[in-house]
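Chain and residue survey
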Amino acid sequence: MSVAPVESIPSLSSDLFYEILRRLDGATLASAACTCAALCSISKEESLWENVCSSMWPSTNREDVKSLISSVGGFRKFYADSFPLIVNKDVMEFHHNNYFEYPDDWTEAEYYGDVIESESISPSNFVSIVDIRFKEKPICSKVLLGIPNANGYDDWFYNCPFQIDILTYADSEGNNDGAVNLSISDGLPAITSMEREKKDGKLWKELSNGLRLSWIVVNRKIKQAANLSSWFPLGGQRHWPTDNDFVVRFGSILPAEEILPCQVVECILIMKFRVVHTESEGIQTSLKLTELSMQLEDMEGAHVNGRNSLHILKKALSCQRSKNYGDALESCHMYSKVQNELKKEKMRNENRLDRLCILCGIAAFMTFWYCVL
């Protein structure tokens, strides 16, 4: 078979190039665009990137989402912003004393986010685009316009712990497009009973290995987007809070410089499934998605309030990212390590304080009886 020389490639039909590029995924399409001027020119076609986004994030097939993406720069820019995951390797080594001291130039109002800048960050500008896959098959797509319970910029939202529960909000607004269920036909193993599952953990392993989550946040005002998920699960809990519940945790580490003293926070994305049926009931094993939520926590595990969360989400849209998903997972593991060191150091300090109090009490007791006798 003869191979066409390189100089003849530009003479090939652009329609042929388009048909070839249309079958590529996003990463391969971006690489192909770097090979020659002809491919680079054709790869700028928005329809190609719309097809890529549609394959990776089924929620982008919605007409309102297409309009949103077009308004913030198009599908090519949306993919470039949302495909790489957030990486934060600036998690400094643990320094207990530095962490607990308030910066000298911070007032109490600034620490709690009581600043004028918050007036320019509107909760209605944020849009959440969420997609869940199980064993590479899309099982759920949700779009949330704005942030629930943030209307009117009231103090309740700004001062209370920040949380978004997409399923609860959809049900309350009457926008629920059907329950999200997993069954044997989706690749779940058959579970004879929950007692058996507690021993072998077969169902839990399948969930942990098969689930993938993408949670893209878009700010319509500044026209930026970012994926706040780790794509792969970071951990979870079996049989909590009941024997039939499974909690799977995703997330990322977001920058919080000049917002919180800890400098970084953890974005926690929770996916909770409940076992609806087992084989012992004469019905195929099935699970139901009961929670899909987001919350932010600082280094001590305290929930971040709504006001500070708006600043952090805005800052996250322009932070460092990587196409290597391993870097994102490493960033999360590094944060967990520093957080554990913080907890251990805090416990050591509390033990030292307890011993000091005991010694002071003994000394006071002995001094008292010495004076009496």
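Residues numbered from 1 in each chain as written. Predicted model: local features only at pLDDT ≥ 70, side-chain atom pairs only at ≥ 80, totals over all residues. Heavy atoms only, no water.

1. Some thoughts on the packing of helix H4 (residues 46–56) against helix H6 (residues 75–82)
Between two packed helices, what matters for the description is the angle formed by their axes and the separation of those axes. Interaxial distance between H4 and H6 falls to 8 Å at its minimum, and their mutual angle equals 45 degrees. In terms of orientation, H4 and H6 fall into the oblique class. Handedness of the crossing formed by H4 with H6: left-handed. Touching Glu 46, Trp 49, Glu 50, Val 52, Cys 53 and Met 56 of H4 are Phe 75, Arg 76, Phe 78 and Tyr 79, all from H6. Taken together, the residues of the contact of H4 with H6 break down into seven nonpolar, no polar and three charged. (Axes fitted to C-alpha atoms, helices over the stretch in contact; angles between N-to-C directions. Helix = DSSP H or I, 4+ residues; strand = E, 2+ residues; numbered from the N terminus. Parallel < 35°, antiparallel > 145°, perpendicular 65-115°, else oblique. Left-handed = near helix turned anticlockwise from the far one by under 90°. Contact = heavy atoms within 4.5 Å. Nonpolar A, V, L, I, M, F, W, Y, C, P; charged D, E, K, R; others polar.)

2. Let's talk about the side chain of Asp 131
The residue Asp 131 is located in strand E2 (residues 126–134) in this model. It turns out Asp 131 is buried and unbridged, and the closest side chain with the opposite charge, Arg 133, is 7.0 Å from it. Within the structure, Asp 131 has its side chain in polar contact with the side chain of Ser 59 (distance 2.6 Å). Setting aside its immediate chain neighbours within four residues, Asp 131 contacts Trp 57, Pro 58, Ser 59, Cys 140, Ser 141, Arg 212, Leu 213 and Ser 214. (Buried < 20%, exposed > 50% of the residue type's maximum accessible area, 1.4 Å probe, protein only. Lys, Arg positive; Asp, Glu negative; His and termini not counted. Salt bridge = Lys/Arg side-chain N within 4 Å of Asp/Glu carboxyl O. Polar contact = N/O pair within 3.5 Å; in protein donor to acceptor, adjacent residues only side chain to side chain.)

3. Overview of helix H5 (residues 63–71)
Three or more residues of H5 are buried, namely Val 65, Leu 68 and Ile 69. Projection of H5 onto a plane perpendicular to its axis shows the buried side chains occupying an angular sector of 95 degrees, all on one side. Those residues of H5 that are buried are in contact with H6, E2, strand E3 (137–145) and strand E6 (211–219). In the stretch just after H5, Gly 73 is the one whose phi turns positive, near 125 degrees. (Arc of directions from axis to C-beta.)

4. A look at the pairing of E3
Relative to E3, E2 runs antiparallel, the two being bridged by eight bridges. Counterpart to Ser 128 in the pairing with E3 is Leu 144. Count of turn residues in the E2/E3 antiparallel hairpin: two residues, of which Lys 135 carries a positive phi of about 55 degrees. (Pairing = 2+ DSSP bridges.)

5. Things to note about the environment of Ser 59
In this fold, Ser 59 is placed in the loop between H4 and H5. Counting along the chain gives 73 residues from Ser 59 to Ile 132, while the straight-line C-alpha distance between them is 9.9 Å. Not counting the four nearest positions on each side in its chain, Ser 59 is found in contact with Val 65, Ile 129, Val 130, Asp 131, Ser 141 and Val 143.

6. Describing the pattern of salt bridges
Counted under the stated rule, the structure contains 16 salt bridges. Glu 266 is paired through a salt bridge with Arg 249; the nearest N and O atoms lie 3.0 Å apart. Highlighted residues: Glu 266 in strand E10 (residues 264–277) and Arg 249 in strand E9 (residues 245–255), separated in sequence by 17 residues. On the basis of relative accessibility, which here comes to 6%, the residue Glu 266 falls in the buried class. Look at the salt bridges and you will find they share partners, linking Glu 19, Arg 22 and Arg 23 into a network.

7. Describing the pairing of strand E7 (residues 224–227)
The pairing of E6 with E7 spans four bridges and is antiparallel. Along E7, the bridge assignment pairs Asn 219 with Gln 224. Counted between consecutive antiparallel strands, the loop separating E6 from E7 contains four residues, among which Lys 223 sits at a positive phi close to 60 degrees.

8. Points about the UniProt feature "domain: F-box" (unreviewed entry) in the protein
When the UniProt feature table is mapped onto this chain numbering, "domain: F-box" (unreviewed entry) sits at residues 16–53. Counted over residues 16–53, helix gives 71% and strand 0%. Its end C-alpha atoms are 21 Å apart. (UniProt positions renumbered as here; feature names shortened; annotations may be inferred.)

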